Amino acid sequence: MEHFPAKFDAPAQRRLLGELRRIIAEAPLFVPTMPRSGKEMSVRMTNCGPLGWVTDKERGYRYQATHPVTGKPWPNMPRVLLDLWNEVARYPAPPEACLVNYYAASAKMGLHQDKDEADFSAPVVSVSLGDTGIFRVGGTTRKGPIRALELKSGDVVVLDGEDRLAYHGIDRILPGSSDLLAEGGRFNLTLRRVTKP
Ligand code: MD3
Ligand code: FE
C-alpha cells in the first residue's frame, strides 16, 4: 500500500470537487442496501466511468453500466482521474469504474475485502476529499493485526499486490477537520479495473 499525502493541493481539490458536483448532478447519490438483509449502508454512493459498483437486497453486489435509480449510463470519468491512474497505477489498461462514497458525520464502512472485480492484478486507487477518515487496514484474513491511518483531503492511496485483497474499512470520520465541503463530511473516490483487459 502506497500513501501519497496531499497528492492534490487545495486548488486541485476544489477542481476535483467541481467535477464531482457535476457527476452527482447527473448521477445522484443513492442509498446502497446489503444483499439478503436489505439493511441500508450508512454511506451514500454513485459512480462514474463505463461501469459502477451497486448493491441491493435482491441482486447483491455487482458492477453495472447504469445508475440503479435513473437507469442512465454513468457519467464519464473526468480526465484528472484517468491522468492520476496513468501516473500511479502501473497497469496497462484504464480504470473502468470510479466508485464515489459519501460519508456524512456518522457514516462508516465495516471491514471488508473488495472482491467483486475479475482482475485483482490491477490496483485500486483511492482519493479522499473533505473531512479526515480514520482508515483501518489488516491482512487478507479477518484475524491478525490491523493498523489505522488518517486519510485526509487530497490524499491518494494505491492498493496493489498483496494489499489489494486486504480487509479494510472506515472507522469514522472527523467532523470539521476540513472546510472543503460546505455540507461537511467526506468523499472517497476509488478507481478500479473490473474486467481483465
Ligand atoms: C485496501 N472505500 O469503496 S478507500 C470501498 O474510504 C472502500 O471510502 C474506503 O473501502 C473509503 O470499497 C476506503 C481505500 C481503499 C480502497 C480499496 C482497498 C483501501 C483498500 C482495497 C484493498 C485494500
Ligand atoms: Fe473497499
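Residues numbered from 1 in each chain as written. Chains lettered and ligands numbered in written order. Predicted model: local features only at pLDDT ≥ 70, side-chain atom pairs only at ≥ 80, totals over all residues. Heavy atoms only, no water.

**Q** What's the story with the overall build of the protein in this structure? I'm lost.
**A** Looking only at helices and strands, the protein has two helices and twelve strands in total. Written out in order from the N terminus, the α and β elements of the protein read β-α-β-β-β-α-β-β-β-β-β-β-β-β. For 197 residues, the compact-globule formula gives about 16 Å, and the C-alpha radius of gyration of the protein, at 16 Å, lands near that figure. Here the C-alpha coordinates of the protein stretch approximately 40 × 40 × 35 Å along the principal axes. Put simply, the protein has 197 residues, and 51% of those count as buried. Considering only contacts in the protein between residues 6 or more positions apart, those separated by 24 or more positions represent 74%. For the protein, the exposed surface amounts to about 9600 Å²; the carbon and sulfur share of it is 52%. Within the protein, one finds 27 positive and 23 negative side-chain charges whose respective centroids are separated by 4 Å. (Helix = DSSP H or I, 4+ residues; strand = E, 2+ residues; numbered from the N terminus. Rg over C-alpha atoms; globule rule 2.2 N^0.38 Å. Buried < 20%, exposed > 50% of the residue type's maximum accessible area, 1.4 Å probe, protein only. Contact = heavy atoms within 4.5 Å. Areas by Shrake-Rupley, 256 points an atom, 1.4 Å probe, with all protein chains shown as cover. Lys, Arg positive; Asp, Glu negative; His and termini not counted. Charge placed at Lys NZ, Arg CZ, Asp CG, Glu CD.)

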